[in-house]
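# Fold and geometry: a report
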Amino acid sequence: MAEAVALDGDDSFHRKTKAISNEAAGHLKVLIVDDDQANLSVLEAFLRHDGHHVCMARDGQEGLALYEKEQPDIVLMDVMMPIMDGYEATRQIKQKAVNHFVPIIFITALTDKLSLAKCVEVGGDDFLTKPVSRIILKAKMAAADRMRRLNQELDDQRNDLAKHHKRLRQEHELAEHIFTKVIAGASNRAENIKVRMSPVAITSGDIVLVERTPEGCQRVLLGDSTGHGLSAAIGAIPITDIFHTMTRKGFGMREIVQEMNRKLHDTLPVGQFIAVCIVEWCQGTSKASIFNAGMSDVLLVNEGGERITCIPSRNLPLGILSKEEYTVDIEVRETGNGDRFYMYSDGVVDARDRNGKEYGQQSLEEVILRCQKGGLAFENICQAIEGHGSDREQEDDITIVEISCHENMKQERTEASLIKNSAMNRTISLRLGPREFTTFDPLIIVELIINGMEPLNSHRAFLYTIITELYANALEHGLLQLDSALKDKPDGYVIYYETRERLLAGLKSGWINIFIECAGDEQGGQITIQMEDSGKGFTPGQTSDMADAAALSGRGVALVKELCKSLDHDRYGSYARAVYDWRCEDAEKLP
Amino acid sequence: MATINAIDDEESGSVTIKIRGRFDFSAHQEFREAYKTRPGMMLFNVNMLEVEYIDSSALGMLLLLREHVLSEGGSVVITECAKDIARILKIANFDKLFSIK
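Let us look at the structure shown here. (Residues numbered from 1 in each chain as written. Chains lettered and ligands numbered in written order. Predicted model: local features only at pLDDT ≥ 70, side-chain atom pairs only at ≥ 80, totals over all residues. Heavy atoms only, no water.)

All names here are of chain A. Scanning all chains against the criterion turns up one disulfide over all chains. Sulfur-sulfur distance for the disulfide between cysteine 217 and cysteine 282 comes to 2.0 Å. Since a negative S-S torsion denotes a left-handed disulfide, the cysteine 217-cysteine 282 link at about 110 degrees is right-handed. Highlighted residues: cysteine 217 in the loop between β7 (206-212) and β8 (218-225) and cysteine 282 in strand β9 (residues 274-282), separated in sequence by 65 residues. Judged by its relative accessible area of 14%, cysteine 282 falls in the buried class. (Disulfide = S-S within 2.5 Å. Helix = DSSP H or I, 4+ residues; strand = E, 2+ residues; numbered from the N terminus. Buried < 20%, exposed > 50% of the residue type's maximum accessible area, 1.4 Å probe, protein only.)

In this structure, Ile449 and Ile527 of chain A together with Ile19, Phe23, Phe31, Met48 and Leu62 of chain B are the most contacted members of the largest nonpolar core, which totals 84 residues. Here this core gets 10 residues from one element, more than from any other, and that element is helix α15 (residues 460-479) of chain A. Not counting residues within four places of it along the chain, the set of residues in contact with phenylalanine 23 of chain B comprises Ala2, Phe31, Met48, Val51, Tyr53, Ile54, Asp55, Ala58, Met61 and Leu62 of chain B. Within the second largest apolar cluster, 23 residues are counted, among which are Ile207, Leu264, Leu268 and Phe291 of chain A. (Core = buried A, V, L, I, M, F, W, Y, C linked by side-chain atoms within 4.5 Å. Contact = heavy atoms within 4.5 Å.)

Every contact between the two is made by 27 residues of chain A and, on the other side, 28 residues of chain B. When the area that chain A buries against chain B is broken down by residue, the three leading residues are Phe462, Tyr464 and Tyr493 of chain A, summing to 22%. Counting across the chain A and chain B interface gives two salt bridges. Salt-bridge contacts for arginine 32 of chain B lead to aspartate 491 of chain A; the nearest nitrogen and oxygen are separated by 2.5 Å. At the junction of chain A with chain B, the criterion picks out six residue pairs in polar contact (both at pLDDT 80 or more). Where the side of chain A that touches chain B is concerned, the elements lending two or more residues are α15, α16 (492-506) and α17 (556-563) of chain A. Per-element tally for the side of chain A that touches chain B: the top contributor is α15 of chain A, with seven residues. Split by residue class, the side of chain A that touches chain B holds 14 nonpolar, four polar and nine charged. (Buried area = accessible area lost by both parts, 1.4 Å probe. Salt bridge = Lys/Arg side-chain N within 4 Å of Asp/Glu carboxyl O. Polar contact = N/O pair within 3.5 Å; in protein donor to acceptor, adjacent residues only side chain to side chain. Nonpolar A, V, L, I, M, F, W, Y, C, P; charged D, E, K, R; others polar.)

Once that is clear, we can look at the pattern of salt bridges. Pairing is possible between side chains of opposite charge, provided their charged atoms come close. Residue and element names in this part refer to chain A. Applying the stated criterion across every chain yields a total of 28 salt bridges over all chains. Taking the shortest distance from any N to any O, the salt bridge between glutamate 88 and arginine 91 comes out at 2.9 Å. Note that glutamate 88 and arginine 91 are positioned in helix α4 (residues 86-96) at a spacing of three residues, about one turn of the helix. A relative accessible area of 27% places glutamate 88 in the partly exposed class. Overall, the relative accessible area of 37% leaves arginine 91 in the partly exposed class. Ionic contacts of the salt-bridge type, sharing partners, join the residues Asp73, Asp145, Arg148 and Arg149 into one network.

Turning our eyes to something else, we now look at the packing of α16 of chain A against helix α1 (residues 28-36) of chain B. Packing of α16 of chain A against α1 of chain B leaves a shortest axis separation of 11 Å and a crossing angle of 160 degrees. The pairing of α16 of chain A with α1 of chain B is recorded here as roughly antiparallel in orientation. Crossing hand, α16 of chain A versus α1 of chain B: left-handed. Facing Tyr493, Val494, Tyr497 and Glu498 of chain A of α16 of chain A, the residues of α1 of chain B in contact are His28, Gln29 and Arg32 of chain B. Partitioning the contact of α16 of chain A with α1 of chain B into residue classes produces three nonpolar, two polar and two charged. (Axes fitted to C-alpha atoms, helices over the stretch in contact; angles between N-to-C directions. Parallel < 35°, antiparallel > 145°, perpendicular 65-115°, else oblique. Left-handed = near helix turned anticlockwise from the far one by under 90°.)

For the α-helix, the turn length of 3.6 residues means that residues three or four positions removed from each other point alike. For helix α14 (residues 443-450) of chain A, the tally of buried residues reaches seven of eight residues, placing the bulk of the element in the interior. Buried residues of α14 of chain A: Leu443, Ile444, Ile445, Val446, Leu448, Ile449 and Ile450 of chain A, and no others.

Residue and element names in this part refer to chain A. Inspection of every chain in the model, using the stated rule, returns eight aromatic pairs over all chains. Measuring from centroid to centroid gives 5.9 Å for tyrosine 87 and phenylalanine 106, while their planes differ by 55 degrees, and the two rings are tilted. Here the residue tyrosine 87 occupies a position in helix α4, and phenylalanine 106 occupies one in strand β4 (residues 104-108), the gap between them amounting to 19 residues. This pair shows no difference in class: tyrosine 87 is buried, exactly as phenylalanine 106 is. (Phe/Tyr/Trp six-rings, centres within 6.5 Å; stacked < 30°, edge-to-face > 60°.)

With respect to the helices and strands, threonine 465 of chain A occurs in helix α15. Within the local environment of threonine 465 of chain A, its side chain forms a polar contact with the backbone oxygen of isoleucine 54 of chain B, the two atoms lying 2.9 Å apart.

This brings us to helix α3 (residues 60-70) of chain A. All names here are of chain A. For α3, every residue scored as buried is listed here: Gly60, Gly63, Leu64, Leu66 and Tyr67. Of the surrounding elements, those touching the buried residues of α3 are β1 (29-33), β2 (53-57), β3 (74-77) and α4. Between a side-chain oxygen at the N-terminus of α3 and the backbone nitrogen of glutamine 61 the separation is 2.8 Å; the capping residue is aspartate 59. Phi turns positive one or two residues past the end of α3, at glutamine 71, with a value near 45 degrees.

Keep in mind these values describe shape, not function.
Encoded structure:
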């Protein structure tokens, strides 16, 4: 079909162009700015016919005001108009729309090249000359709309990326919290064991654990998770738990390693694993056992500092092979009074100086030998390593542990039982702010409670339900002021959780305090969970019985009540205290 | 998080919805899809063998399933619950609403 002119009403033309319009241009909101009523009417008729929404202005200034009010998808702009011309209006609209893309198409009677060039110069995206051809207008609108969509997609992707980044950072912060409060705190230091940890920026993937066996031997574990942050922390929690609990119960290294490997193999995602080395030294026996799975060589230095023995890794890191496939190779070494063991993460030897030179195991060995004479060996070694990398950003976690085999140390058998006791009787306290809410997982609290208290494992499901319900109440009803009655409507669940998501994303302030006290021994005990939030409160108890089993809401509080010995709220509903009694159900079945 | 698989048995007109892991609100869309997209199916078997954790929002979702299926004249069976999960269902009086096996 030949060029159509302004008032073409031919049917075949409509059929032919309809496809273009529906597929590409969709239904858009179009702002037309033109001082000529006839032009406005013609364009309006075209656009409305194609299903677009139209708003119209008669000069640049009015156009600008309408642009702000209506937020159109596309603007059609005349050039010469009273009060404010199309060039100026375009300039100002583009200035206002810095964060999103609004195509502006000039529709002008001007045909000289300079005027048309100026349309693009001031920020216009395209131009059309009058009289307007219907086909060309449609095609240009479709092209402009494609551009608009592309820009929108780019914008969305950028926002997603920013959100993702933010979420990652929050996870890291939470992981750091777990590391500093739980894992670092759970270790028992001794006078002959020195530890230096310099984690990378936010969170360390390294863990150091120290525990005593019932015979009074010292067992020290250094672990290095793949990755950092929350994923590293998730692997570290079971390691910590198994190491402490089984060592205190008198299990041998082989059994502990097998159990750690089994647990990690079952829980960690494929591709994630933990390298560990364990040194067990027993005062009075002149013997040490060393297990090395994927860590750098463990170094044994004699008292005089003349000789270094390397104990290389002879095992695969934990979490890769199944229980049946995994074999454990433990080495036994003679130790003399004053000998020292060094365990370190690969961050130590990988540390690079300004010229990119790695520190290397040989340099480390040299420093260790040189420093043995001075008596302040450990401090000097740490200084030497840190001095090496001090002018560069640290790339990996650096952890180094020294165990001195002093035969004349006091035996500390009594302390072991004290430690055991304190693992059972302890408190966990967390304060969550708006940055934590989007990523916080109540399961972490369950892990923290169970960590080190193996008999509690069989109470895992109940503890999860109790804590999830209390947390959901504090967050959804306390802070977000969501009404559970929403759930009773058709599609209520979808609406409820969509609203939750939206409110959560907009939450800028508020906190939830969680305070947990564990008391008892391995046979049983009591866990008191207190949760307080900064919200305005809600009314618990109104619907908190199970009389109406089929009701769609109000079940959470009742569940907690049934599972716990007691559940109390303050009268505002922003504080809850639940007491959970537990007994070891299968004491005889425990390892 | 939970994973949800639905397997149809066209011959008997039954669907097995298998839930694994942590059954909570994060699964609500997937769970809803599993029954809304199966008109004409009469028996819904919810297999909970591999459910580790459950909360009240999951109970609510089970009720929504029940409502939907009953309105179409069908029935729901919950099977293979672990001991703790079964106890939570019992506390919620779900044994009066569902056939739990």
